[in-house]
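Examination of the molecular architecture
Spelled out from the first residue to the last, the chains are:
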Amino acid sequence: MKKIVFATNNSHKLEELRKLTEGKIEILSLKDINCDDDIPETADTLEGNALIKARWVKNRYGYDCFADDTGLEVEVLNGAPGVYSARYAGDGHDSHANMKLLLSNMTDKDNRKARFRTVVALIEGDDERLFEGIVNGLITYEPKGTSGFGYDPIFQPEGHDVTFAEMNAEDKNSISHRGRAVAKLIDYFSL
Ligand code: IMP
């Protein structure tokens, strides 16, 4: 069976991918290939960071690989926090501080339009491919709900009157940015 590395140690993402590719592709994690490198994410685009991670694994470990990178892009803030979503309020990945800063930067803004965008970079042999998943929505005025992670409590996807944090994981995954990018990747693998 074809083996491919998913350049992540996020167990939720791995689990999801393994379920979707069961019997078709064997998905290895960074741990499975004994990689505990702190891979630098120094690009200023999602595409750039996803490629850095996938190329790192391909070049140093020799495996075909895919990697993902996600950002929340707010229209009235010219696409911020975007590629800097994880560290919008500074280093340390504190979702609460990130949401607080975003809401305070939007206090007087009527335009609440935003989107989550995920880019998956796939490297097979010499071939590099990108897959994109987008979900449009609105930034709420205050956090609502307790499920999920990151900016979920302040993001209301288009066509819904609840935030991602008020949805269960299955419903969120079926419409989410990452769900959509991964669906394209799985489609490509099924060819
Ligand atoms: P990553 O590229 O998947 O690590 O995502 C970067 C950052 O974007 C995370 O640290 C979160 O702040 C945010 N983010 C990514 N995906 C989601 C999501 O599904 N919901 C809420 N926030 C997310």
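Residues numbered from 1 in each chain as written. Predicted model: local features only at pLDDT ≥ 70, side-chain atom pairs only at ≥ 80, totals over all residues. Heavy atoms only, no water.

**A short note on the state of the cysteines**
Scanning all chains against the criterion turns up 0 disulfides. C35 takes part in no disulfide bond, and the closest cysteine sulfur, belonging to C65, lies 9.0 Å away. A relative accessible area of 3% places C35 in the buried class. (Disulfide = S-S within 2.5 Å. Buried < 20%, exposed > 50% of the residue type's maximum accessible area, 1.4 Å probe, protein only.)

**Points about the pattern of salt bridges**
Inspection of the entire model under this criterion finds 13 salt bridges. Among the ionic pairs, E73 bridges to R115, the shortest N-O distance being 2.7 Å. Of this pair, E73 sits in strand β3 (residues 65–74) while R115 sits in strand β5 (residues 113–124); the two residues are 42 residues apart in sequence, bridging distant segments of the chain. With relative accessibility at 14%, the residue E73 sits in the buried group. The residue E132 makes a salt bridge to R117 at a minimum N-O spacing of 2.8 Å. Note that E132 is positioned in strand β6 (residues 127–139) and R117 in strand β5, a separation of 15 residues in sequence. On the basis of relative accessible area, E132 is assigned to the partly exposed category, the value being 32%. Taking the relative accessible area as the measure of exposure, R117 reaches 9% and is therefore buried. One salt-bridge network, in which partners are shared between bridges, spans E47, E73, R115, R117 and E132. (Salt bridge = Lys/Arg side-chain N within 4 Å of Asp/Glu carboxyl O. Helix = DSSP H or I, 4+ residues; strand = E, 2+ residues; numbered from the N terminus.)

**As for the layout of surface pockets**
Taken as a whole, the second largest pocket encloses approximately 440 Å³ of empty space. Lining the second largest pocket are 18 residues, and of these H12, K13, E16, A169 and N173 sit closest to its centre. Within the residue set of the lining of the second largest pocket, elements represented by two or more residues are α1 (11–20) and α4 (169–175). The biggest single contributor to the lining of the second largest pocket is α1, with 6 residues. Considered class by class, the residues forming the lining of the second largest pocket number 5 nonpolar, 6 polar and 7 charged. (1 Å grid on protein atoms, 1.4 Å probe; cavity = no way out; pocket = protein on both sides within 12 Å on 5 of 7 lines; lining within 4 Å. Points joined across faces, edges and corners; volume = space filled by probe spheres on them. Nonpolar A, V, L, I, M, F, W, Y, C, P; charged D, E, K, R; others polar.)

**Comments concerning the site of the ligand**
Among the 13 residues in the neighbourhood of the ligand, the closest are listed as T70, D152, K172, H177 and R178. Within the contact set of the ligand, an oxygen atom lies 2.9 Å away from a backbone nitrogen or oxygen of T70. Within the contact set of the ligand, an oxygen atom lies 3.0 Å away from a side-chain nitrogen or oxygen of R178. Residues that form the shell around the ligand fall into these classes: 4 nonpolar, 4 polar and 5 charged. (Near = heavy atom within 4 Å. Polar contact = N/O pair within 3.5 Å; in protein donor to acceptor, adjacent residues only side chain to side chain.)

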